Amino acid sequence: MTMDARKQRVLQAIVALYGLEGEPVGSSVLANYFDMAVSSATLRNEMAALTKLGLLEQPHTSAGRVPSAKGYRYYLDHLLTDDQPLDRVTRARVDAVFASLDHEPEKLAQGAAKALASISGCTAAVSTPCAEDLCIAHYEVVQVGERPMPQRKQGEVLVRMRAATLNRVDLYMRDSGAGIRHQLPLIMGVDGAGVIEEVDAQEQLLKPGQRVVLYSGVTCGRCEFCQHGEPVLCTSMQTLGEHCDGTLAEYISVPAGNVFPIPEGLSFEEAAALGVNYLTAWRVLFTKAQLKPWETVLVFGIGGGVSLAGMQLAKAAGARVIVTSREQHKIDRALELGADAGICSSTEDVQKRVMELTGGRGVDIVFENVGEAVWSTALKSLIRGGRIVTCGATTGDQPGADLRRLFIRQLQVIGSTLGNPGELQDLLAWCAQGKVRPIIDRVLPLDAIHEGLDLLERNQQFGKLAIAIAD
Ligand SMILES: [Zn+2]
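Draft legend 1. Structural context of the sheet that holds strand β12 (residues 382–390). An order of β10-β9-β8-β11-β12-β13 is seen for the six strands of this open sheet, with the pairing classed as parallel. Whereas interior strands pair on both sides, the edge strands pair on one side only; in this sheet they are β10 (341–344) and β13 (412–415). Strand-to-strand twist across the sheet, computed as the mean angle between neighbouring axes with direction ignored, equals 20°. Strand direction decides the pairing type here: strand β8 (residues 296–299) and strand β11 (residues 363–368), joined by three bridges, are parallel. Each residue of the ladder has a partner; that of Val297, found in β11, is Ile365.

Draft legend 2. Examining unusual backbone geometry more closely. Notably, Asp402 is not glycine yet its phi reads approximately 55°, a positive angle. With respect to the helices and strands, Asp402 occurs in the loop between β12 and α15 (403–408). Notably, Gln410 is not glycine yet its phi reads approximately 50°, a positive angle.

Draft legend 3. Representation of helix α10 (residues 268–288). Given a rise of 1.5 Å per residue, 21 residues ought to cover 30 Å, and the 28 Å separating the end C-alpha atoms of α10 matches this to within 8%. A bend of about 55° at Leu274 is the largest found in α10. With 18 of 21 residues buried, α10 is to be regarded as a mostly interior element. Gln290 sits one or two residues past α10 and shows a positive phi near 50°.

Draft legend 4. Looking closely at the pairing of strand β9 (residues 320–325). Most of β9 sits inside the fold, with five of its six residues counted as buried. As judged from the four bridges shared by β8 and β9, these two strands associate in the parallel manner. Bridging from a neighbouring strand, Val299 pairs with Val323 of β9. Regarding topology, helix α11 (residues 305–316) serves as the crossover connection from β8 to the parallel β9, and that connection is right-handed. The pairing of β9 with β10 spans four bridges and is classified as parallel. For Ser325, the partnering residue across the bridge sits in β10 and is Cys344.

Draft legend 5. Spotlight on the environment of Val213. By the secondary structure assignment, Val213 is in strand β3 (residues 211–214). On the basis of neighbour counts, which here come to 30 C-beta atoms within 10 Å, the residue Val213 falls in the buried class. Once the C-alpha coordinates of Val213 and Pro261 are considered, the two residues, 48 residues apart in sequence, prove to be 6.3 Å apart. In contact with Val213, not counting residues within four places along its chain, are Ala193, Phe260, Ile262, Ala271, Ala272, Leu274 and Gly275.

The rules we used
- Every chain is numbered on its own, with residues counted from 1 as its sequence reads.
- Under the rules for a predicted model, residues below a pLDDT of 70 receive no local features and side-chain atom pairs below 80 are neither given nor counted, while totals for whole chains, interfaces and linings still include all residues.
- DSSP-based pairing: two strands are paired if at least 2 bridges between them are found.
- Only DSSP runs of H or I reaching four residues or more are called helices, and only runs of E reaching two or more are called strands; each is numbered from the N terminus.
- Here, axes are lines fitted to C-alpha atoms. For helices the fit covers the stretch in contact, and angles between N-to-C directions go from 0 to 180 degrees.
- An expected span of 1.5 Å times one less than the residue number is assigned to each helix.
- What the bend at a residue measures is the angle between two axes, fitted to the seven residues ending there and to the seven starting there.
- Partly exposed residues are those whose C-beta has more than 12 but fewer than 20 other C-beta atoms within 10 Å; 20 or more makes a residue buried and 12 or fewer makes it exposed, with C-beta atoms placed from the backbone.
- Throughout, right-handed denotes a crossover for which the path from the first strand over the helix to the second runs clockwise when the strands point away from the viewer.
- Note on contacts: residues are paired as contacts if their backbone-placed C-beta atoms lie within 7 Å.

Structure below.
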């Protein structure tokens, strides 16, 4: 295709996408496109959104217009001239354009996907043309660099970090961090393990050189929840890597109550994995859902860290576990690791299969962190009086409530996240007995943090993505 023909197609796609048919489009395609752009309220709004995202220069607002089309030129130039797949930053910029279009991101993203797919040589931008994929607007905000050495205060432990694992909240912090009070720059990383470098001289239980895993919540110890033995509900909890500097660093200083000795035989990476995903799964199953060994648990989205932890812990407790995934190879891995049955949700009807596998009874507990996409199926898979425990909402957090089903079948919906230090201690004891060993997908060096976050975002891992921090 000639360049002119491609330009023409890009323009047509954009006009169709934005519903600008009938607006003046002249012969000098791009120039007139930008003339048109500044006369269209829709596009003006987008320009404002792009400015906010830092993709455009500050607009000159004197005439109530946005004359700079730098972002659009960048976007179109790359789309028009680059026959190679779009690089990550360019693609993020393209995504940002579409993400800022309207209040109906889903519809627009689909339109965007269609429009872009029609442009030859640009299919890399829509290799996964789903709304979620197109609407994530992020840039290389994550950098590996030097930060000041943390100053240990009395009562704290200075830990030389050796490993951390990636969690979905890291993506959230990278992409927005909205609603979580924090200041940039912020060291990422919520879980982690390392070696004690320095403690108070009078410290009884901990000593330098000890291998430790971190509990990621720094709590106040004084609020009603802390005092009632539920510090995980602390009203002023500071989570590492969210509210304060995290674990993806050479050193961190945390209160002594936040470090726990690592059982023999666990690597730093495996120990790090316990701090968030395995702890969350522990609380979900044992504290919240009160799992009994004779019960059946349905775990959605096997392969993700917390789902896999849920499967392993439920199996270790003696329960029967059914797992689901859209990918058969992940189910195969889960079956190898002890799952009793697997349902491939891209080819099978999950609810129907659950009923077949349970003799029409349904499962006692649904272990759920996928959210909206599976919520309805999850509720319908439960036995009367069954419990659904949610600890994540990757695909959306506003599913239909299905209240009639809830009360008629007397279902329980339980929310949970993270766990208490005491629960981490129990989990560590199980690990010491060899009942559970975290699954590590792969170990990457700190320099490969972007690769790790991208893998996590694309959900390509099976188990935890670990980051090793050099000794
Ligand atoms: Zn508290």
